[in-house]
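Survey of secondary and tertiary structure
This is what each chain is made of:
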Number of protein chains: 2
Amino acid sequence: MINVIVDAFGGDNAPDAVVEGSIMAVQNLGIKVTLVGNEKKIHEIAEKNNYSLVGLDVVHAETVIDVHEDPKSILKSRKDCSMAVGFQLLRDGKGDAFVSAGSTGALLMGATFIAKRLKGIKRAALSPLLPTETGYMILLDGGANIDCSPEALLQFAVMGSAYMEKVMNITSPRVGLLNIGTEDTKGRDLEKDTYKLLSEAPVNFVGNIEARELPFGKCDVLVTDGYSGNIALKLYEGMGLYFAGVLKGMLKKNVKTKIAASLLMGEVKDFKKKMDYSEVGGAVMLGIAGTVIKAHGSSDAKAFYNAIRQAKECVDGGITDQISLYLDSQKGGNDVD
Amino acid sequence: MINVIVDAFGGDNAPDAVVEGSIMAVQNLGIKVTLVGNEKKIHEIAEKNNYSLVGLDVVHAETVIDVHEDPKSILKSRKDCSMAVGFQLLRDGKGDAFVSAGSTGALLMGATFIAKRLKGIKRAALSPLLPTETGYMILLDGGANIDCSPEALLQFAVMGSAYMEKVMNITSPRVGLLNIGTEDTKGRDLEKDTYKLLSEAPVNFVGNIEARELPFGKCDVLVTDGYSGNIALKLYEGMGLYFAGVLKGMLKKNVKTKIAASLLMGEVKDFKKKMDYSEVGGAVMLGIAGTVIKAHGSSDAKAFYNAIRQAKECVDGGITDQISLYLDSQKGGNDVD
């Protein structure tokens, strides 16, 4: 049975929402969950809410790493924190995947230096899923590495393709390179060199994608360096918030618009659901030896449930093996079947 | 009297929309316009539409540079095109400003190598105005220079501040640095070094701005390199288009939502106006010896009118002198008064 390790003390709504989401996951997904964190507090929550902890293990961790702490401290002064202990369990094979809504910086540190990168992977990528007009697009890198080589971007393309194929069930996912124009001569040296590598890679490369096209589903996998990716990711989120606010303001303006609002209720709800990141889970950390999911800091119980479901789907889809297979094929010079 | 030189053959709707917009400008702004392009065709348009060309000069240019042509050709094989001739007139002091909706690449070439940069300016910046929740924000660089030094970004901050103060009437414009976090240790070397320069510069530096905050008016001047700036600019436009489409789809879905649409007509119109880039003019090319405005390729007559009005306001505000003053102060080591 798949066992998902969950950081019970990461995120704004921890530990209550984490415990609740984990129980939902155990009851609905046919998996085991190992909750990591202060054992006493976790049991108190269960008692207070009359939760059954059947199907859940609890592994004690003494402290919690704060989002304002130096991420490096997860390796030293805070190696007893819930996130560090979770990564240690993953590394030691005590679980198949790890989910945390804690500090992104600490998560990157822990993933890279406790769980460790897959052998041959240049950079692990934080890979969020962005909603588009036609579905979802995975973005690599969303902010783990501010400087990247063309070779790292090529690996991002392979890893993102594996995810979209095995978890999102998209046949031959289209890989796009974020750029300032569509011609292959556009961009910085990074984009020009990556364009060449992707053209010859075993991925379905559809060329450069301008930022204007991102919401319209022109590709399934979008590769870029972590600086540009973070700008794109956060602007995407910001514009979503902005338009949600505009729409709300429009509908609440006066009696007439409030009547309109009541007529549009279903449509507005559908749109909100579409833009709701928690529906799809969190951002997957690709390139690590083991499945690691970064849940949103503001995750509620449902979002934790979805992040755990996403972790299970990554394990089911054999994403890590898929990436390892590719890396082996590159080493030996053989093609992946 | 201010004379604005206008490329009559640049843009998708040229020359008709350009001629119409120019006539509107002459009639409403108390300025002169010099139309550049095929003289015969311009007179044919005037005759056909019964337009008076009083207050307009026409300077003949034999050819037009296409958006698909190599931008460099404006300096050689196409130096008789309307855009090249417009820049020559600006350089020779035959007008105060130049407006074109033609190829951005050719415009950058022409601005830099025909009109030329102001002495001391490292890079000229394409500077679009983005609508925000509270007003407008000028973005430098929107895509003219994919690689920039911290010193160039400092100059962008000064030039953008001059524009927002003198044209948009904002006292002590807030300058923000686009970055992936708010702390001064965030970002690439470019951002870290620029942060230090801006902290000591004669501008109202408010620190790093994350992309998530862009729509909410946290700064008046946003500085970044042209690669990141182009990503932000185009994603801003793309998200605007996406949400306009979502809103339209929502309102046209069925009888019920169509009733809602009729109740929301005024609000939707206000929102569209807010997001309409042509209301504010075009993107100003800052750092050039003379005012240069890049109008949108899809500009209609009203958009050309607004771009010409913007050119006049730049001349009225003495933007170029303002930037020169700053450059002089840096040379001599004196403060600007």
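All residue numbers here refer to positions counted from 1 along the written sequence of the relevant chain. Chains carry letters from A onward and ligands carry numbers from 1 onward, assigned in written order. Note on the predicted model: pLDDT of at least 70 is required for a residue's local features to be given, and 80 or more for side-chain atom pairs to be given and counted; whole-chain, interface and lining totals, by contrast, use all residues. As a rule here, side-chain values come from all non-hydrogen atoms in the structure, and water together with hydrogens is ignored.

**Things to note about empty space enclosed by the protein**
- Computed over the protein atoms alone on a 1 Å grid, cavities are sets of points where a 1.4 Å probe fits but cannot get out and pockets are open sets with protein on both sides within 12 Å along at least five of seven lines; a residue lines them when it has an atom within 4 Å of a point. Grid points are joined across faces, edges and corners, and a volume is the space filled by probe spheres set on the points. Under the definition given, this model contains 4 cavities of 30 Å³ or more.
- For the largest cavity, the calculated volume is near 90 Å³.
- Every residue lining the largest cavity is listed: A:Phe243, A:Val246, A:Leu247, A:Met250, A:Phe271, B:Phe243, B:Val246, B:Leu247, B:Met250 and B:Phe271.
- Secondary structure elements are taken from DSSP: a helix is a run of H or I of four residues or more, a strand is a run of E of two residues or more, and numbering for both begins at the N terminus. Sorting the residues of the lining of the largest cavity by element identifies helix H7 (226-251) of chain A together with helix H7 (226-251) of chain B as the ones contributing at least two each.
- Across the lining of the largest cavity, the residue classes tally to 10 nonpolar, no polar and no charged. Throughout, the ten residues Ala, Val, Leu, Ile, Met, Phe, Trp, Tyr, Cys and Pro are labelled nonpolar, Asp, Glu, Lys and Arg are labelled charged, and all others, Gly among them, are labelled polar.

**Re the pattern of salt bridges**
- Salt bridge, as used here: a side-chain nitrogen of Lys or Arg that lies within 4 Å of a carboxyl oxygen of Asp or Glu. One pass over the full model with this rule turns up 32 salt bridges over all chains.
- Here the salt bridges do not stand alone but share partners, grouping A:Arg188, A:Glu191 and A:Asp225 into one network.

**A few points about the relation of the copies chain A and chain B**
- Rotating chain A by 180 degrees and translating it 0.0 Å along the rotation axis places it on chain B, where the RMSD comes to 0.0 Å. Such a combination of turn and shift is consistent with a two-fold rotation axis. Within chain A, the C-alpha atom positioned nearest to the axis of rotation is that of A:Ala260, 2.0 Å from it.
- Contacts: residue pairs with any heavy atoms within 4.5 Å of one another. A share of 100% of interface residues in chain A that are also interface residues in chain B marks the association as one of identical surfaces. Each copy is superposed on the other by least squares, with the fit set by C-alpha atoms of residues at a pLDDT of at least 70 in both.

**Here's the deal with the interface of chain A and chain B**
- Between chain A and chain B, the residue contacts involve 49 residues of the former and 49 residues of the latter.
- Summed over both partners, the accessible area (1.4 Å probe) lost when two parts come together is defined as the buried area. Summed over both partners, the interface of chain A with chain B buries about 4700 Å², with 76% contributed by carbon and sulfur atoms.
- Where chain A touches chain B, the interface holds 6 salt bridges.
- Of the charged contacts, one joins A:Glu210 and B:Lys234 as a salt bridge, the two residues approaching to 2.3 Å between their closest N and O atoms.
- We define a polar contact as two N or O atoms separated by no more than 3.5 Å, with the added condition that, inside protein, one atom must be a possible hydrogen donor and the other a possible acceptor, whereas residues neighbouring each other in sequence contribute only through side-chain atom pairs. Summed over the shared surface of chain A and chain B, the result is 12 residue pairs in polar contact (both at pLDDT 80 or more).

**A look at a positive patch on the surface**
- Residues enter patches when their relative accessible area tops 30% and they take part in no salt bridge; the joining distance is 9 Å for like charges and 5 Å for the nonpolar side chains Val, Leu, Ile, Met, Phe, Trp and Tyr. Calculation of accessible area relied on Shrake-Rupley with a 1.4 Å probe; when residues are assessed, cover is drawn exclusively from the protein chains displayed. For this count, His and the chain ends are skipped, Lys and Arg are scored as positive, and Asp and Glu as negative. Working definition for charges: the position is that of NZ of Lys, CZ of Arg, CG of Asp or CD of Glu. On the surface, A:Lys248, A:Lys252, A:Lys258 and A:Lys272 cluster together into a patch of positive charge.
- Among the structural elements, A:Lys252 can be located in the loop between H7 and helix H8 (255-275).

**Some words on the sheet that holds strand E8 (residues 174-179) of chain A**
Residue and element names in this part refer to chain A.
- Any two strands with at least two DSSP-identified bridges between them are counted as paired. Strand order in the open sheet formed by 5 strands is E6-E7-E10-E8-E9, with mixed pairing between adjacent strands. Looking at which strands have only one partner, the edges of the open sheet turn out to be strand E6 (129-131) and strand E9 (204-210). Strand-to-strand twist in this sheet, taken as the mean axis angle between neighbours without regard to direction, amounts to 30 degrees.
- Sheet topology note: the E8/E9 ladder contains 6 bridges and is parallel. Residue pairing in the sheet places glycine 176 in a bridge with glycine 207 of E9.
- Here helix H6 (residues 189-199) sits on the sheet in contact with E8, E9 and strand E10 (221-223), set at roughly 170 degrees to E8. Geometry is summarised by axes, namely lines fitted to C-alpha atoms with helices restricted to the contacting stretch, and by angles between N-to-C directions that run from 0 to 180 degrees.

**What to know about the packing of aromatic side chains**
- Here the aromatic set is Phe, Tyr and Trp, taking the six-membered ring for Trp, and pairing holds for ring centres within 6.5 Å; pairs whose planes are under 30 degrees apart are stacked, those over 60 apart are edge-to-face, and all others are tilted. Taken as a whole, this structure holds 11 aromatic pairs over all chains when the rule is applied.
- Between A:Tyr242 and B:Phe216, the ring centres sit 6.1 Å apart and the planes meet at 90 degrees, which makes this aromatic pair edge-to-face. Here the residue A:Tyr242 occupies a position in helix H7, and B:Phe216 occupies one in the loop between strand E9 (204-210) and strand E10 (221-223), the pair thus bridging two chains.
- Exposed residues in this analysis have more than 50% of their type's maximum accessible area, buried residues have under 20%, and partly exposed residues fall in between, with area computed by a 1.4 Å probe over protein chains only. A relative accessible area of 4% means that A:Tyr242 is categorised as buried.
- An angle of 80 degrees between the planes, with centres 5.1 Å apart, marks the rings of B:Tyr195 and B:Phe205 as edge-to-face. Remark: B:Phe205 occurs in strand E9 and B:Tyr195 occurs in helix H6 (residues 189-199); sequence separation between them is 10 residues.

**Comments concerning the state of the cysteines**
- Criterion for a disulfide: a pair of cysteine sulfur atoms within 2.5 Å. Enumeration over the complete set of coordinates arrives at 0 disulfides over all chains.
- The thiol of B:Cys219 is not disulfide-bonded; the next cysteine sulfur, from B:Cys148, is found 17 Å away.

**Things to note about the pairing of strand E4 (residues 97-100) of chain A**
Residue and element names in this part refer to chain A.
- What you see with E4 is no split at all: Ala97 and Val99 on one side and Phe98 and Ser100 on the other are buried throughout.
- Pairing geometry for strand E1 (residues 3-7) and E4, over 3 bridges, is parallel. For valine 4, the partnering residue across the bridge sits in E4 and is alanine 97.

**Let's talk about the confidence of the model for chain A**
- Looking at any residue, its pLDDT shows the predictor's confidence there, from 0 to 100. Put simply, chain A has an average pLDDT of 94, and 98% of its residues get 70 or more.
- As a predicted assembly, this complex carries a pTM of 0.93 together with an ipTM value of 0.91.

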